[in-house]
Amino acid sequence: GAGVSQSPRYKVAKRGQDVALRCDPISGHVSLFWYQQALGQGPEFLTYFQNEAQLDKSGLPSDRFFAERPEGSVSTLKIQRTQQEDSAVYLCASSLAESSYNEQFFGPGTRLTVL
Amino acid sequence: AQSVTQLGSHVSVSEGALVLLRCNYSSSVPPYLFWYVQYPNQGLQLLLKYTSAATLVKGINGFEAEFKKSETSFHLTKPSAHMSDAAEYFCAVTGNYGGSQGNLIFGKGTKLSVKP
């Protein structure tokens, strides 16, 4: 069966450009998470959706970061006016239900490089 | 706030040797704990999880971990390393115990190398 997919897999942006990263979760999964993984670090939480509702965006590093999941399935993470410090791998994960102990299934990530 | 510490950013073992990857957590309440593995250019895959049932948890690929509350530890072990185990391993704890959110808080990871 299909897992979590993300596109593009690689993105190179010039500083100041806007980028949009897409996540297709596993069909029927209620919860969707975005994480940022800097080089040599563990993933760090960005934001969380339960269906179409964004319940937590406390991890977004600045107001240049925006995420949406309008129909409760596909999600897009948008970064405006990209900076070099935004260079990282952005991981999307989905989970069947909203409980803390449910397994999160991760996509392969989008590697963003800002020049 | 909950946190995870992984001792050793890089561990090297010989094929067939014991694998021990260390993880200590900081939590004011009993946590849910996870070990994930990440192969190059791939997403994270769940190896095993502790959810307050048995303290010794068995996972995929022969890995297991033991929850020790007195030591606030959740170390990952495998009796005999295989070349295919070479990857990066992340320990994680949920951010909200018992809540409906469940965002993971990860350690910095341990890269496992296996020598032939």
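Participant: Before we move on, can you summarise the overall build of chain B with the specific residues and values?
Facilitator: Across its full length, chain B holds 0 helices and 12 strands. Each of the three principal axes of chain B carries a C-alpha extent, and together these read 45 × 30 × 20 Å. Here chain B holds 116 residues, and 45% of them are scored as buried. For chain B, restricting intrachain contacts to residue pairs at least 6 apart in sequence, the fraction spanning at least 24 positions comes to 57%. Accessible surface, chain B as shown: approximately 5400 Å² in total, 51% of it carbon and sulfur.

Participant: Residue-level account of the nonpolar core, with values.
Facilitator: If you look at the biggest cluster of nonpolar residues, it comprises 26 residues, and the most contacted ones within it are Trp35, Leu47, Leu48, Phe74, Leu76 and Tyr89 of chain B. Elements represented by at least two residues in this core include exactly strand E2 (10–14), strand E3 (19–21), strand E5 (33–38), strand E6 (44–50), strand E8 (64–68), strand E9 (73–78), strand E10 (87–94) and strand E12 (110–115) of chain B. When residues in this core are grouped by element, the largest group, 4 residues, is from E10 of chain B. When sequence neighbours within four positions are dropped, the list of residues in contact with leucine 76 of chain B reads Val19, Leu20, Leu21, Trp35, Leu47, Leu48, Phe63, Glu64, Ala65 and Tyr89 of chain B. Residues Val4, Ala13, Phe65 and Leu77 of chain A belong to the second largest nonpolar core, which totals 20 residues.

Participant: Kindly report on the state of the cysteines, identifying the contributing residues and their values.
Facilitator: All names here are of chain A. Counted by the stated rule, this structure contains 2 disulfides over all chains. Between the sulfur atoms of cysteine 23 and its disulfide partner cysteine 92 the distance amounts to 1.9 Å. Because the torsion about its S-S bond is -65°, the bridge between cysteine 23 and cysteine 92 counts as left-handed. Pair noted here: cysteine 23 is in strand E3 (residues 19–24) and cysteine 92 is in strand E9 (residues 88–95), with a separation of 69 residues, a long-range link. Cysteine 23 sits in the buried class, given a relative accessible area of 0%.

Participant: I'd like a rundown of the environment of threonine 94 of chain B, residues and numbers included.
Facilitator: All names here are of chain B. Counting through the fold element by element, threonine 94 comes out in strand E10. A residue is classified by how much of its surface remains accessible, and threonine 94, at 0% relative accessible area, is buried. Between the C-alpha atom of threonine 94 and that of tyrosine 32, which follows or precedes it by 62 residues, the distance is 5.8 Å.

Participant: Tell me what's going on with unusual backbone geometry, and back it up with residues and numbers.
Facilitator: Each neighbour pair has its own omega, and for serine 7 of chain A with proline 8 of chain A the value is -10°, a cis peptide bond. Residue placement: proline 8 of chain A occurs in the loop between strand E1 (5–7) and strand E2 (10–13). A positive phi angle, near 45°, is found at threonine 72 of chain B, a position not held by glycine. Relative to the elements of secondary structure, threonine 72 of chain B occurs in the loop between E8 and E9. On the accessibility criterion, threonine 72 of chain B (32% relative accessible area) is partly exposed.

Participant: Explain the pattern of salt bridges residue by residue, including any values.
Facilitator: Two side chains carrying opposite charge are able to pair once their charged atoms lie near each other. A complete count under the given rule lists 5 salt bridges over all chains for this structure. Here aspartate 86 of chain A and arginine 64 of chain A are joined by a salt bridge, their closest N and O atoms 2.8 Å apart. With aspartate 86 of chain A in the loop between strand E8 (75–79) and E9 and arginine 64 of chain A in the loop between strand E6 (53–56) and strand E7 (65–68), this pair connects stretches of sequence that are 22 residues apart. The two residues aspartate 86 of chain A and arginine 64 of chain A agree in class, both being buried. Across the pair glutamate 64 of chain B and lysine 58 of chain B runs a salt bridge, and its minimum N-O distance is 2.8 Å. Note on glutamate 64 of chain B: relative accessible area 24%, which makes it partly exposed.

What counts and how
- Along every chain, residues carry numbers that run from 1 in the direction the sequence is written.
- Think of it this way: whatever chain is written first is A, whatever ligand is written first is 1, and the rest follow in order.
- This being a predicted model, a pLDDT of at least 70 is required before a residue's local features are given, and a value of 80 or more before pairs of side-chain atoms are given or counted; all residues contribute to the totals for chains, interfaces and linings.
- Hydrogens are left out, water is left out, and the side-chain values use all remaining heavy atoms of the structure.
- A run of DSSP states H or I qualifies as a helix once it reaches four residues; a run of E qualifies as a strand once it reaches two. Both are numbered from the N-terminal end.
- Remark: exposure states derive from per-residue accessible area (1.4 Å probe, protein chains only) relative to the maximum for the residue type, with buried under 20%, exposed over 50%, and partly exposed in between.
- Throughout, a contact is declared for two residues whenever any of their heavy atoms are within 4.5 Å.
- Accessibility throughout is a Shrake-Rupley quantity obtained with a 1.4 Å probe, and a residue counts as covered only by protein chains that appear here.
- We call a set of buried residues a nonpolar core when its members are Ala, Val, Leu, Ile, Met, Phe, Trp, Tyr or Cys and they connect through side-chain atoms within 4.5 Å of each other.
- Count a disulfide wherever a pair of cysteine sulfur atoms falls within 2.5 Å.
- Definition used for salt bridges: Asp or Glu carboxyl oxygen within 4 Å of a side-chain nitrogen of Lys or Arg.

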